[in-house]
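Residues per chain are reported as follows:
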There are 2 protein chains.
Amino acid sequence: MPDRLTATAIARDLAAGRRSAEDVFDATLDVIQRREPALRAFAFFDPELARAQAWAIDASADRGTRGALAGVPVTVKDVIATKDMPTGHNTARYAGAMTGVDAACVDTLRQSGAVILSKSVTTEFAATQRGAMTRNPHDAARTPGGSSSGSAAAVAAGMATIGLGTQTGGSTIRPASFNGVWGWKPSWGAISREGLKLYSLTCDTIGFYARDPADFTLLADVFDLDPAPEPAQVRGLRIGVVRPPLWGQVAPAMRTALARSAEQLRAAGAEVSDVTLPEIFDGIDAAHAAILLREGRAAFLNEDRAQGAALHPEFRAMVANTAGQTPQEARAAYRCADACRAAMDELLAGYDAVIAPSACGEAPVGLDSTGDPSMNGLWTLMSVPVVSIPGFTGPAGMPMGISVITRRFTDRTALAAARLIAGEIGGAIAAEESAEDSAEASSAA
Amino acid sequence: MPDRLTATAIARDLAAGRRSAEDVFDATLDVIQRREPALRAFAFFDPELARAQAWAIDASADRGTRGALAGVPVTVKDVIATKDMPTGHNTARYAGAMTGVDAACVDTLRQSGAVILSKSVTTEFAATQRGAMTRNPHDAARTPGGSSSGSAAAVAAGMATIGLGTQTGGSTIRPASFNGVWGWKPSWGAISREGLKLYSLTCDTIGFYARDPADFTLLADVFDLDPAPEPAQVRGLRIGVVRPPLWGQVAPAMRTALARSAEQLRAAGAEVSDVTLPEIFDGIDAAHAAILLREGRAAFLNEDRAQGAALHPEFRAMVANTAGQTPQEARAAYRCADACRAAMDELLAGYDAVIAPSACGEAPVGLDSTGDPSMNGLWTLMSVPVVSIPGFTGPAGMPMGISVITRRFTDRTALAAARLIAGEIGGAIAAEESAEDSAEASSAA
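Residues numbered from 1 in each chain as written. Chains lettered and ligands numbered in written order. Predicted model: local features only at pLDDT ≥ 70, side-chain atom pairs only at ≥ 80, totals over all residues. Heavy atoms only, no water.

Naming follows an unreviewed UniProt entry, where chain A appears as Amidase of Poseidonocella sedimentorum.

## Some details on the overall build of chain A
Counting its regular elements, chain A contains 15 helices and twelve strands. Dimensions of chain A, computed from C-alpha atoms along their principal axes, come out at roughly 60 × 55 × 40 Å. Taking all 445 residues of chain A together, 64% fall into the buried category. Residue pairs at least 24 apart in sequence account for 79% of intrachain contacts in chain A once pairs closer than 6 positions are excluded. Accessible area for chain A stands at about 14300 Å²; split by element, carbon and sulfur atoms hold 52% of it. (Helix = DSSP H or I, 4+ residues; strand = E, 2+ residues; numbered from the N terminus. Buried < 20%, exposed > 50% of the residue type's maximum accessible area, 1.4 Å probe, protein only. Contact = heavy atoms within 4.5 Å. Areas by Shrake-Rupley, 256 points an atom, 1.4 Å probe, with all protein chains shown as cover.)

## A closer look at the pattern of salt bridges
What the rule picks out here adds up to 62 salt bridges over all chains. Shared partners join several salt bridges into a network, and the residues in it are R93, K197 and E303 of chain A together with D107 and E194 of chain B. (Salt bridge = Lys/Arg side-chain N within 4 Å of Asp/Glu carboxyl O.)

## Some remarks on the relation of the copies chain A and chain B
Aligned on chain B, chain A shows an RMSD of 0.0 Å; the corresponding rotation is 180 degrees and the shift along the axis is 0.0 Å. Classification of the inter-copy transformation places it as that of a two-fold axis. Here 100% of the interface residues in chain A have copies in chain B that are interface residues too; the copies meet face to matching face. (Least-squares fit on C-alpha atoms with pLDDT ≥ 70 in both.)

## Here's the deal with the environment of E36 of chain A
Residue and element names in this part refer to chain A. Tracing the backbone shows E36 in helix α2 (residues 21-39). Sequence-wise, E36 and T134 are 98 residues apart; in three dimensions their C-alpha atoms are separated by 9.3 Å. A polar contact is formed between the side chain of E36 and the backbone nitrogen of A41, at a distance of 2.8 Å. (Polar contact = N/O pair within 3.5 Å; in protein donor to acceptor, adjacent residues only side chain to side chain.)

## Brief notes about helix α4 (residues 104-111) of chain A
All names here are of chain A. Among the eight residues in α4, seven count as buried, and that is most of the element. Looking at α4, one finds that the buried residues are A104, C105, V106, D107, T108, L109 and R110. Once α4 ends, the next one or two residues include G113, with phi positive near 95 degrees.

## Quick word on the domain arrangement of chain A
Residues and elements named next belong to chain A. Taken domain by domain, chain A holds domain 1 (2-222), domain 2 (238-280 + 336-444) and domain 3 (283-334). Computed from C-alpha coordinates alone, the two centres of domain 1 and domain 3 are separated by 29 Å. In this complex, domain 1 contributes 17 residues to the contact, which on the side of domain 3 involves 17 residues. Summing both sides of the interface, domain 1 and domain 3 together bury roughly 1300 Å²; the carbon and sulfur share of this comes to 57%. Sorting the residues of domain 1 by area buried against domain 3 places R93, R130 and Y199 first, and these three jointly supply 39% of that buried surface. Remark: the boundary between domain 1 and domain 3 carries three salt bridges. Measuring nitrogen to oxygen at the nearest pair gives 2.8 Å for the salt bridge that ties R130 to E314. (Domains from an automatic or database assignment. Buried area = accessible area lost by both parts, 1.4 Å probe.)

## A closer look at unusual backbone geometry
Put simply, G146 of chain A and S147 of chain A share a cis peptide bond, and its omega is 10 degrees. By the element assignment, S147 of chain A lies in the loop between β3 (115-120) and α5 (149-157). Residues other than glycine seldom take positive phi values, yet D224 of chain A does so here, at roughly 55 degrees. Structurally, D224 of chain A can be placed in the loop between α7 (213-222) and β7 (238-242). Here F125 of chain B, not a glycine, exhibits a phi torsion of approximately 55 degrees, which is positive. One can find F125 of chain B in the loop between β3 (115-120) and α5 (149-157).

## Considerations on the nonpolar core
Within the largest apolar cluster, 276 residues are counted, with the highest numbers of intra-cluster contacts made by L164 of chain A together with L164 of chain B. Beyond its immediate sequence surroundings of up to four residues, L164 of chain A is in contact with V74, T75, V76, K77, I80, C105, V106, L109, S151, I206, G207 and F208 of chain A. (Core = buried A, V, L, I, M, F, W, Y, C linked by side-chain atoms within 4.5 Å.)

## Quick notes on the packing of aromatic side chains
In this structure the tally under the stated criterion is 20 aromatic pairs over all chains. Centroid distance Y94 of chain A to F125 of chain A: 6.3 Å. Interplanar angle 75 degrees. Geometry classified as edge-to-face. Placement of the pair is Y94 of chain A in the loop between β2 (73-77) and α4 and F125 of chain A in the loop between β3 and α5, with a sequence separation of 31 residues. F125 of chain A carries the same exposure label as Y94 of chain A, and that label is buried. Look at W184 of chain B and F216 of chain B: their rings are 5.6 Å apart centre to centre, the planes differ by 50 degrees, and that puts the pair in the tilted class. Of this pair, W184 of chain B sits in strand β5 (residues 182-185) while F216 of chain B sits in helix α7 (residues 213-222), and the two are 32 residues apart along the sequence. Summarising the burial analysis for this pair, W184 of chain B and F216 of chain B share the class buried. (Phe/Tyr/Trp six-rings, centres within 6.5 Å; stacked < 30°, edge-to-face > 60°.)

## Details of the interface of chain A and chain B
Think of interface size as the accessible area that goes away when the parts come together; that is how it is often given. Listed per partner, the contact involves 53 residues of chain A and 53 residues of chain B. Summed over both sides, the interface of chain A with chain B buries roughly 4500 Å², with 50% coming from carbon and sulfur. For chain A, the biggest contributors to the area lost against chain B are E194, R331 and R335 of chain A; these three give 14% of the whole. Connecting chain A to chain B are 16 salt bridges. A salt bridge links D226 of chain A to R297 of chain B, with the shortest nitrogen-to-oxygen separation between them at 2.9 Å. The tally of links between chain A and chain B comes to 24 residue pairs in polar contact (both at pLDDT 80 or more). Counting only elements with at least two residues in the side of chain A that touches chain B, the list comes to α4, α9 (284-299), α10 (301-307) and α12 (327-348) of chain A. By residue number, the principal contributor to the side of chain A that touches chain B is α12 of chain A, which donates ten residues.

In structure tokens:
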């Protein structure tokens with residue numbers, strides 16, 4: 001079953017000679033042919049280009065030097081540069097545009113033997129909720145989230161083994177939750193962002209999707225992430241439960257999922273406690289928005305100058321600073337973010353990991369919006385690693401994920417903790433049950 | 001005289017029909033032909049490619065819509081992507097490499113009518129002191145500084161009107177000082193860094209060279225920088241004098257230049273006072289080095305994987321983290337930087353501008369090293385705008401510059417203050433005079 005074909009399994013099978021890279025590609029192509037016409041996850045896919053990469057892997061004489069990701073099909077969000085495929089940013093000006101050079105992360109993946117399979121659909125410049133025509137593999141009437149819409153949907157549907165995304169607000173973790181796949185936003189600065197379309201220097205981060213957390217560990221090795229403590233059992237783990245400042249946006253079913261996760265972890269022997277964020281965090285979401293405005297204004301200036309009226313009014317307004325943001329307001333936003341980052345680092349030092357919602361609830365109906373990123377901006381701005389565990393099902397039968405967060409540059413701790421936590425949490429949440437838990441939560445608050 | 005041909009003068013002459021873009025190009029080409037063989041400032045120059053741009057400007061019917069930089073020859077540091085010229089990073093792997101797409105800043109300059117003239121020499125990946133063969137136009141036996149070696153030397157020699165550089169440590173401001181030209185490192189985040197080779201996300205900033213500060217104001221308009229107070233006279237200006245933590249590296253002549261600047265400004269009616277940096281700044285240069293190590297490790301991973309032993313050991317050691325930097329040490333460095341940024345913002349609020357050395361002294365003899373960046377890392381890490389004023393001459397007859405610094409996102413204040421300050425400071429510093437002032441400075445300390 002190709003939708004069960006993990007990077008770890010591919011690595012094992014190729015090493016043992018039980019499967020070739022071309023076998024993997026053929027199995028993947030079969031899924032693509034069945035599902036892509038309805039899902040529309042890919043912005044570019046040339047089967048022969050991908051197959052040629054698989055052949056090259058199979059032809060390499062020495063299995064030992066093929067790389068840790070030999071033959072693993074990777075789909076790349078279409079705001080990430082690829083030397084052999086166009087990088088279109090879902091915008092007219094760059095339709096078919098070739099960059100000549102790979103993004104640093106794609107370069108590293110190629111050196112590790114990955115098959116760069118396809119480009120996947122993004123919202124325009126990964127900086128808006130508009131424009132992704134991809135459908136959610138669990139319900140074609142719903143969005144897969146965004147802006148990494150295509151990568152998340154493709155991995156969920158088995159059309160790729162690994163998906164590359166980006167996150168500036170909640171563009172990796174929210175789609176992971178909506179599509180029922182694993183998502184990982186690494187620590188800011190731990191993996192090169194060179195070759196990603198720029199929106200916000202402070203927030204833009206590469207992100208990954210997989211169907212198994214072991215694949216993230218493989219990626220952590222490939223990208224040479226720092227060693228960090230890797231917990232071995234849930235018993236005794238100090239787990240904090242965070243209700244982010246925009247908790248009011250969270251749907252009853254997700255409130256239930258978080259509460260139930262806490263109970264399930266407590267039952268498994270973890271030391272679970274609620275986290276109260278210091279008061280300074282009351283301003284964090286406004287600071288995030290202000291920083292995106294300030295940095296987006298610089299990032300899209302050239303598009304405004306080059307495209308004029310052809311550029312969407314959303315970007316033109318950002319560049320024109322129609323909001324009238326002053327330098328003083330921008331400085332205040334950075335100061336808030338800097339102070340919160342220090343406070344968060346101190347706070348996270350008291351836990352092995354904290355958990356929080358990966359999204360506000362299930363994927364909404366319709367493709368006009370990619371859903372509410374309110375649960376994600378905080379963590380993005382804090383530069384910390386976030387791993388989203390799939391596992392809950394909401395009242396509409398859609399997947400929901402829980403985020404595991406640790407201190408900056410301890411991605412391996414987050415990955416190990418998430419694997420352990422995933423073994424204890426999850427389940428279906430009925431409508432009446434979530435209403436009840438929500439009432440409890442409200443009365444407790 | 002083409003070496004007096006400023007962007008402001010070109011704009012005026014073209015608007016008045018007194019000169020064509022091709023005239024400007026021809027005058028510039030004449031200087032290039034005379035000086036480039038000895039200076040070696042350019043990594044790529046195709047006269048016909050540049051001339052075609054000038055023709056296109058001259059052919060455009062409406063002078064009013066040509067853009068603020070119509071016909072202005074701009075040389076681009078060879079770590080900045082250009083769609084019509086190779087971007088080589090002064091490293092074998094990218095010799096002749098085409099990027100297909102312009103860096104955002106180049107895109108914006110083209111939309112403003114600039115002639116993208118040439119690529120100028122950088123040290124390898126703008127991340128080392130090695131490899132720039134460019135000579136200082138004031139003394140061929142000396143370095144022009146780096147890593148923006150070629151852009152600074154080209155503007156100094158009159159081979160281009162505007163030079164594009166980058167700064168991660170002191171790569172824009174130090175060469176400005178060494179070559180006797182104006183240098184400007186804008187506030188971090190105010191101008192898009194998309195399409196610049198990545199070394200340090202936290203520090204990399206675009207930089208500019210010009211022979212007249214009015215050209216920077218023109219660039220500030222083109223890049224739509226925030227409005228900010230622009231002082232109109234030196235009298236009454238509150239000027240702080242900063243001796244950065246690595247003051248021990250500063251040569252006597254530069255100490256004299258800073259002390260004399262303070263006197264000259266005081267004589268002109270400014271309120272000049274010494275700034276004492278809070279104690280937390282004692283760790284700022286170590287934090288800068290730690291952040292460059294952490295971010296460079298991620299930035300050059302793909303080069304290490306792709307190039308193996310062909311990559312210079314300097315980069316391989318960074319990627320391999322042979323220094324053994326821990327996540328904890330990296331977090332501490334960021335926390336120090338964040339805390340200093342807040343403290344600096346508060347401190348700068350008490351002055352209209354502060355002044356500091358642009359380099360440790362005159363350009364050193366030899367091309368093996370691009371000189372000591374100790375005076376620059378502080379300001380780069382603080383994200384603040386820095387404008388380097390030329391004007392002093394050291395005992396060896398080489399130029400020396402003084403930096404003007406203001407709060408983040410008040411680049412227009414820094415530019416206006418620098419123009420005023422430039423009118424008051426400068427002069428030749430004799431060897432015996434600098435020794436004397438140095439003795440005074442030592443006994444005072």
